[in-house]
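What follows is the residue order along each chain.
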Amino acid sequence: MKDGILRVWDINREKIIQSAATDSQICSLLWLPKTSELMTGQGLPGNQMKIWKYPILTNSSELHGKYFSHKGRVLHTALSPDHSRLFSVAADGIACLWKCHESGEN
């Protein structure tokens, strides 16, 4: 079943606080504490990673390399302890290490 909706829940009230259409399968989810954003690792059709501003859930950016993007769905994402790097691994068998930009940096 394809849903493609990112939802933030209030688990105490059992209600959805906010939601956003991702137009893709959500295969992994990661909280970015420095910027108060969520990152989704996604599947078809784009096999990309997207960053969502919290709590409004607007898509603020997509992660892809200058010469590379995942060819399979992004199954797992992790953040380094110092928050300077993101790690992604996808169904294409490729693992990537991404440098995080500082606030205000492009």
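Right above here is the structure, for reference.
Residues numbered from 1 in each chain as written. Predicted model: local features only at pLDDT ≥ 70, side-chain atom pairs only at ≥ 80, totals over all residues. Heavy atoms only, no water.

1. Here we look at the side chain of Ser-24
Here Ser-24 is to be found in the loop between strand E2 (15-21) and strand E3 (26-32). Owing to a relative accessible area of 1%, Ser-24 belongs among the buried residues under this scheme. Within the local environment of Ser-24, its side chain forms a polar contact with the side chain of Gln-42, the two groups lying 3.5 Å apart. (Helix = DSSP H or I, 4+ residues; strand = E, 2+ residues; numbered from the N terminus. Buried < 20%, exposed > 50% of the residue type's maximum accessible area, 1.4 Å probe, protein only. Polar contact = N/O pair within 3.5 Å; in protein donor to acceptor, adjacent residues only side chain to side chain.)

2. Some details on the side chain of Ser-88
With respect to the helices, strands and loops of the structure, Ser-88 is situated in strand E8 (residues 85-90). On the accessibility criterion, Ser-88 (0% relative accessible area) is buried. Within polar-contact distance, the side chain of Ser-88 engages the side chain of Trp-98 at 2.8 Å.

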